[in-house]
Amino acid sequence: MTEIGIRQCANSDTHPAPPGHPEAASKLAPLLAWLKTQPHPWLHFRPSQEHGEEPVARVHGDDYVQRLKRTLTTSGYFDADTYYSERSWDAVCTAVDAALSAVDDVESGTGPSVQFVVARPPGHHCEQHRPMGFCLVNTIAIATQYARDSYDRYRRVAILDFDVHHGNGTQQIFFPRDDVLFVSTHQYPYYPGTGSRVETGVGTGVGFTLNLPHPAHTPADLVLETFTVETGEALKLFAPDLIMVSVGFDGHVDDPLAQWLLTDDSFRRLGSVIRQWSEEYCGGRLVNLLEGGYSPDANRSAAAAYLEGLHNG
Ligand SMILES: [Zn+2]
């Protein structure tokens, strides 16, 4: 049994979606309404602190940050999917602050060692110098780099990504690195096109990227079995000091954007095994950031199941 720290920022005012766009605050409405009922005494709502733009610049570079801030003074699109508005920079900062505050909580012990951040926009498709796939900055990469830079304890960080889309941006940012293990399971072939088994890293980073692709309609048990066995082996070799998770509920059978068959129970099992890995390898230190998930009802039921899995282990 473990306590879980929660932060939520739907950013409905600062990052409003164009009509009909799937990455909208409404996708989180049932989940946030459920959390508001304070469904479990082991969920603790935590405040966020401002961290400024420097942690963003450490991953994306100061030029990117300044260019992004200038662009986000109006509204438009970076590509066919990736919209922005004149206040989206505020939304980016709110989401990043929540993620970094979750890392601070884990390190300082002022909050639970397991954290879950429900924020938008998502981040895992954003490359070092390119916004894409609804993502303007790569929040989990920023939080990972922040943990590395701010706390001596975090020499080796593992990022696990079970969003149904490949976390191409996170992979690209850490591809040459041997201090960050990146594991992604995702529908493949599918958007964004990357994430095959042969993509394992470059230079000293070879062997520190692990892709576990499965085609559309793969049985949920096979997805879970592969993820459990291969990620478990990789974590044993890597021995992380901290585990970060790109959580996606768009692998749910009811999600409108993808064709995987995961159920609420699949997410409960994912929460359970990931919590067990965090206990086994890094003293229970575990930070979860929400990425995708486009069925409002499935987001609620899958998140409830995932949180129960994290709690019960
Ligand atoms: Zn996704």
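Quick caveat: nothing in here was measured; it's all calculated off a predicted structure.

What counts, and at which threshold
Residues numbered from 1 in each chain as written. Predicted model: local features only at pLDDT ≥ 70, side-chain atom pairs only at ≥ 80, totals over all residues. Helix = DSSP H or I, 4+ residues; strand = E, 2+ residues; numbered from the N terminus. Rg over C-alpha atoms; globule rule 2.2 N^0.38 Å. Buried ≥ 20, exposed ≤ 12 C-beta atoms within 10 Å, placed from the backbone. Contact = placed C-beta atoms within 7 Å. Axes fitted to C-alpha atoms, helices over the stretch in contact; angles between N-to-C directions. Parallel < 35°, antiparallel > 145°, perpendicular 65-115°, else oblique. Core = buried A, V, L, I, M, F, W, Y, C linked by C-beta atoms within 7 Å. Nonpolar A, V, L, I, M, F, W, Y, C, P; charged D, E, K, R; others polar.

**Q** Mind showing me how you'd approach the overall build of the protein chain here?
**A** Within the protein chain, the regular secondary structure consists of nine helices and ten strands. Since a compact globule built from 313 residues should have a radius of gyration of about 20 Å, the 17 Å found for the protein chain is in line with a globular shape. Each principal axis of the C-alpha atoms in the protein chain carries an extent, and together these give about 45 × 45 × 40 Å. Expressed as a percentage of the 313 residues in the protein chain, the buried residues total 54%. Taking all contacts inside the protein chain whose residues are at least 6 apart in sequence as the whole, residues at least 24 apart take part in 76%.

**Q** Looking at this structure, how should I read the environment of Ser-301?
**A** Its location among the elements puts Ser-301 in helix α9 (residues 296–312). Overall, Ser-301 belongs to the partly exposed group, with 19 C-beta atoms counted inside 10 Å. Once the C-alpha coordinates of Ser-301 and Ile-274 are considered, the two residues, 27 residues apart in sequence, prove to be 18 Å apart.

**Q** What exactly am I supposed to notice about the packing of helix α1 (residues 29–36) against α9 here?
**A** What describes two packed helices is the angle between their axes and the distance between those same axes. Contact geometry for α1 and α9: axes closest at 7 Å, N-to-C directions at 40°. It follows that α1 is oblique to α9 by the angle criterion. Facing α1, whose interface residues are Ala-29, Pro-30, Leu-31 and Trp-34, α9 presents Pro-296, Asp-297, Asn-299, Arg-300, Ala-303 and Ala-304.

**Q** Would you explain the nonpolar core in this entry?
**A** Burial of nonpolar side chains together is a common tendency in soluble globular proteins. Counting 88 residues, the largest nonpolar core has Ala-99, Ala-143 and Ile-243 as its most contacted members. Top element by residues in this core is helix α4 (residues 88–108). It accounts for twelve residues. Apart from residues lying up to four places away in sequence, Ala-143 is in contact with Ala-99, Leu-100, Val-103, Met-244, Val-287 and Leu-289.

**Q** Would you explain the environment of Gly-293 in this entry?
**A** Here Gly-293 shows up in the loop between β10 (286–290) and α9. Through-space distance from the C-alpha of Gly-293 to that of Val-106 is 25 Å; in sequence the pair is 187 residues apart. Sequence-distant contacts of Gly-293, defined by excluding residues within four places in its chain, comprise Lys-27, Gly-248, Phe-249, Asp-250, Asp-255, Ala-298 and Asn-299.

**Q** Help me understand the packing of helix α7 (residues 220–238) against helix α8 (residues 264–282) in this model?
**A** α8 packs onto α7 with a crossing angle of 10° between their chain directions and a minimal axis gap of 11 Å. Taken together, the axes of α7 and α8 lie roughly parallel to each other. The segment α7 lies against α8, with Ala-220, Leu-224, Thr-228, Gly-232 and Leu-235 engaging Ser-266, Arg-269, Val-273, Trp-277 and Tyr-281. Considering only residue class, the contact of α7 with α8 consists of six nonpolar, three polar and one charged.

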